[in-house]
Amino acid sequence: MQSTGIRSGSSFSLVVLGSVLVVFVATAALLGFFVFWSGAQVDKVGIDRQATRIISSLSQQLRQIAKDQESVGVWDNTLSAISHRDFTWLNHNVARQMSSYFQHDASYILEGDDTPIFAAQAGRRVASSAYDDVAPVVAPMVAELRARTRLGYLDIPPSIADFAVVGGAPAIVGVFPVVSANGEDERRPGEEPILVSVVKLDLRYELGIIDRYMLEAGRFTINPSDTGLSVFPVTNRYGRIVAFYEWQPYLPGTELLAQTVPAFASGFGVLGLVVALLLHRLWRSSRALENKRIDAERQATEDPLTHLPNRLMFEQQFDRILRDPDTTRELPALLMLDLDRFKQVNDTLGHHAGDDLIRAVGDRLRHIVGPDEILARLGGDEFGILCINDLNEPEVMAMCRSIIEAIGRPFRIGGNEAFVGVSIGVVMARPQDRNRHELTRRADIALYEAKSSGRNRAAVYVESMNELVQTRHSMEAELREALKVGDQLWVAFQPLFGRRDGEIVGAEALVRWTHPRRGPIAPMDFVPIAEGSGLIEALGDVVLRRACQIGARWPGLTMAVNISPAQLRNPTFTERIFAVLQETGMRPQDLEIEITESILLDDELVAFDAIRAFRRAGIKIALDDFGTGYSSLNYLKRYPVDRIKIDRSFISQLSTAAASVAIVQALVTLAHALDIEVTAEGVETDEQFRILASMGCNTFQGFLFSKPLEAPALERLLDVPTPLPAARVA
Ligand code: C2E
Ligand code: MG
Ligand code: MG
């Protein structure tokens, strides 16, 4: 069975918690993103600045080399040393000077025709052929320089400095014309000796510029390493990449993040913890509320004893099924169950045992009823089943049989064995049946039918039952009226005869209703209506009073009165009887109360108390219709009765069924053994009388002797005793 909207509340708190969580996480993510983004921006700006510094330091370097060269290049002594091939001078003033003051790695001097006449490396003169290694790089620069000097210049001669790869390593190469400072030793423009300087961009150099320009630690390389360093391409005059400056950049943004993020993260962590704590508390309290709500809902819809759905839930589900347009094909069958003899268990074993029994019944039903069926406890000892699986009537009846069989098995309750039965009213819904109240009413009618036709059985509702109910309704109203008017209801007396001499030993008072329109109505047709409508007490009063009036006039004659269970259940009933006896003057020992076994089955305790009170007063007790119930013999032992009246059904079969002879004989023998008198009811033939007499029955009642008579006819008969068996009164 589906639960009804139980999740809505928890999904609400889930939505709230979810929203807060999403907002929190989104804020954290946004803030985090912003912080990292600005860090990255700051880093970018930092790297840009560093690159700018590198660019300016490089162009500075190119200018610097020309300045360095100028210190020896514009000097007559140099020119003269070149002309005289004074290598000692050149070694001293050019090679060493350039190396030790300016940290040039190599210096070469070319003559006007580009022939190398002097070469020095690391401040020492080497063979002029060393120039060959740098010639491929230097030659084009020299050619360009000569072209420029040829064009003429003012004070300072033109020079060229550029980045180049020398000996497989990056370097700055500068070419400078050696000219006279005072104009005494003039060469033809374009044919001046040329000073070539090479400054390797090596570690020493790198340290120098890092120091000077406050660059980040880095190095020049031809092949940049793949280690995530920042790289700046170094280009020559033609814009071609010659080398790279790669360095570990200083990242101010990252630095800032490194310092602020831990604080920021732990701050956010604390905030998150607080939010989580708050959320947790909110969640817990909303869960508690939710559980309370579910509990309340369950309590409202569940039977606490069996944990089955209760009547409210059952009705809701029933309405839902009837409203559902899909059920036009699958029509429900409704079963109303009512336990038989439950009250007896409750009264004898106590309410706890009664509760245990209801629980056990619920369990047994649960095993039989399928998962698609709706089983509910409707209250007290009533259960309801809705079969929604499109079962046909034979299938529903098979289920009813299983239920009756299961409930009929003994229950072990607190060390005792309890026996109950179940009556079932069944309604098979038709497509047009959409009204729960109407279907329930029909199931109740069918249940009533099952109960009144002997209990422990199932009855399927048919339309004629409804007519019966209608008739019952109108008869009830008419009976009520008859009780007020007073001349329609009267009492007939059927005499009872003794064995010997055919004398009348008693009479049974039998109520009669002569309806003005319907004519005579049999007690079997209206006594149950009186019992079901609470009119039985008034009706019983009419009979009792009349019986006692007649009984009072014939002391010694046993006057039997039929008593319904409903009368016996009334706690004031014994007093009522005593009052009538007193009022009419009838002797208690002449009154006999006829009860049926069913009262013993239904209300053992109540019956027991009343029976004891009657017997104390001398009133006799007869068990009517004996042999039709279940445990007659058992009751005989437990309840002291004065008489059993063997049911007509046994008597009528005496001449045909040998079994009946044996049963009646056994009953008579047993009753006599317990000192109980036996009356044979409904004796109609001589043969029956003969057999019964030979068995030792004490008294006889039946049409063979007399039909029920009006009081005057009985009294006439009492005046004139007639011998048996010839005594027949029409
Ligand atoms: P019961 O107490 O067993 O009464 C005997 C019934 O058997 C009577 O039917 C009687 O007319 C019928 N009877 C007697 N001898 C013969 C016979 O030889 N053949 C046949 N076929 N029937 C015979 P009645 O008067 O119709 O009553 C039917 C039942 O209604 C009674 O059965 C009793 O249980 C109940 N009843 C009658 N009057 C009262 C009453 O005042 N109060 C209560 N609570 N129940 C009553
Ligand atoms: Mg009777
Ligand atoms: Mg009877």
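For the structure itself, consult the block above.
Residues numbered from 1 in each chain as written. Chains lettered and ligands numbered in written order. Predicted model: local features only at pLDDT ≥ 70, side-chain atom pairs only at ≥ 80, totals over all residues. Heavy atoms only, no water.

Some words on the site of ligand 1
Close to ligand 1 lie 22 residues; Arg512, Asn562, Asp624, Glu684 and Phe703 are nearest. Between ligand 1 and Asp625 there is a distance of 3.1 Å, counted from an oxygen atom to a side-chain nitrogen or oxygen. A distance of 3.0 Å separates an oxygen atom of ligand 1 from a polar side-chain atom of Glu681. Here ligand 1, which alone exposes 790 Å², has 84% of that area covered by the protein. When residues of the shell around ligand 1 are traced back to their parent elements, those giving at least two are strand 18 (504-515), helix 13 (523-533) and strand 22 (620-626). Considering every element that reaches the shell around ligand 1, the biggest residue donor is strand 18, with four residues. Taken together, the residues that form the shell around ligand 1 break down as nine nonpolar, five polar and eight charged. (Near = heavy atom within 4 Å. Polar contact = N/O pair within 3.5 Å; in protein donor to acceptor, adjacent residues only side chain to side chain. Areas by Shrake-Rupley, 256 points an atom, 1.4 Å probe, with all protein chains shown as cover. Helix = DSSP H or I, 4+ residues; strand = E, 2+ residues; numbered from the N terminus. Nonpolar A, V, L, I, M, F, W, Y, C, P; charged D, E, K, R; others polar.)

Describing the packing of aromatic side chains
Under the counting rule described, the total for this entry stands at 14 aromatic pairs. Both rings, one in Phe87 and one in Phe118, keep their centres 6.3 Å apart while their planes meet at 10 degrees; by these two values the pair is stacked. Placement of the pair is Phe87 in helix 3 (residues 87-102) and Phe118 in strand 2 (residues 116-121), with a sequence separation of 31 residues. Residue Phe87 is classed as partly exposed on the basis of its relative accessible area, which comes to 22%. The interplanar angle of 90 degrees and the centroid separation of 6.0 Å between the aromatic rings of Phe573 and Phe614 together place this pair among those described as edge-to-face. Here Phe614 lies in helix 18 (residues 604-616) and Phe573 lies in helix 16 (residues 573-584), a separation of 41 residues in the sequence. The class for Phe614 is buried, based on a relative accessible area of 1%. (Phe/Tyr/Trp six-rings, centres within 6.5 Å; stacked < 30°, edge-to-face > 60°. Buried < 20%, exposed > 50% of the residue type's maximum accessible area, 1.4 Å probe, protein only.)

Looking at the pattern of salt bridges
Inspection of the entire model under this criterion finds 42 salt bridges. In this structure, Asp114 engages Arg146 in a salt bridge whose closest nitrogen and oxygen atoms are separated by 2.7 Å. One end of the pair, Asp114, is in the loop between strand 1 (106-110) and strand 2; the other, Arg146, is in helix 4 (residues 131-150), with 32 residues separating them in the sequence. A residue is classified by how much of its surface remains accessible, and Arg146, at 5% relative accessible area, is buried. The residue Glu478 makes a salt bridge to Arg517 at a minimum N-O spacing of 3.0 Å. Of this pair, Glu478 sits in helix 12 (residues 463-485) while Arg517 is found in the loop between strand 18 and strand 19 (519-521), placing the two residues 39 residues apart along the sequence. By relative accessible area, which is 61% here, Arg517 ends up exposed. (Salt bridge = Lys/Arg side-chain N within 4 Å of Asp/Glu carboxyl O.)

A word on the nonpolar core
In terms of nonpolar packing, the biggest core is built from 78 residues, with Phe493 and Phe526 touching the most fellow members. Looking at this core element by element, the count peaks at seven residues for helix 14 (residues 536-553). Beyond its immediate stretch of four places on either side in the chain, Phe526 contacts Met475, Leu479, Leu489, Val511, Arg512, Trp513, Ile521 and Leu539. Formed by 34 residues, the second largest nonpolar core is a distinct cluster that contains Cys400, Ile403, Ile407 and Val426. (Core = buried A, V, L, I, M, F, W, Y, C linked by side-chain atoms within 4.5 Å. Contact = heavy atoms within 4.5 Å.)

A short note on the coordination of the magnesium ion (ligand 3)
Surrounding the magnesium ion (ligand 3) are the protein donor atoms Asp624 (OD), Asp625 (OD), Glu681 (OE) and Glu681 (OE), at 2.0 to 2.5 Å. Along the chain, the residues donating to the magnesium ion (ligand 3) fall in the pattern D-D-x55-E. With relative accessibility at 26%, the residue Asp625 sits in the partly exposed group. (Donors = N, O, S within 2.8 Å, 3.2 Å for Na, K, Ca; no water.)

Examining the coordination of the magnesium ion (ligand 2)
The textbook angles at a metal center are 109.5 degrees for a tetrahedron of four donors and 90 or 180 degrees for an octahedron of six. Within the first shell, the magnesium ion (ligand 2) binds the protein through Glu508 (OE), Asn562 (OD1), Glu594 (OE) and Asp624 (OD), at distances of 2.0 to 2.2 Å. Judged by its relative accessible area of 2%, Glu594 is buried.

Some details on the pairing of strand 2
One ladder, built from five bridges, connects strand 1 with strand 2; its direction is antiparallel. By the bridge assignment for strand 2, Ile109 is matched with Phe118. The hairpin formed by strand 1 and strand 2 contains five residues between the paired strands, and Asp114 there has a positive phi angle of roughly 75 degrees. Examined bridge by bridge, strand 2 and strand 3 (residues 124-126) share three bridges and lie antiparallel to one another. Following the sheet pairing, Gln121 is matched in strand 3 by Arg124. Following strand 2, the chain reverses through two residues before pairing antiparallel with strand 3; Ala122 in that reversal takes a positive phi of roughly 55 degrees. (Pairing = 2+ DSSP bridges.)

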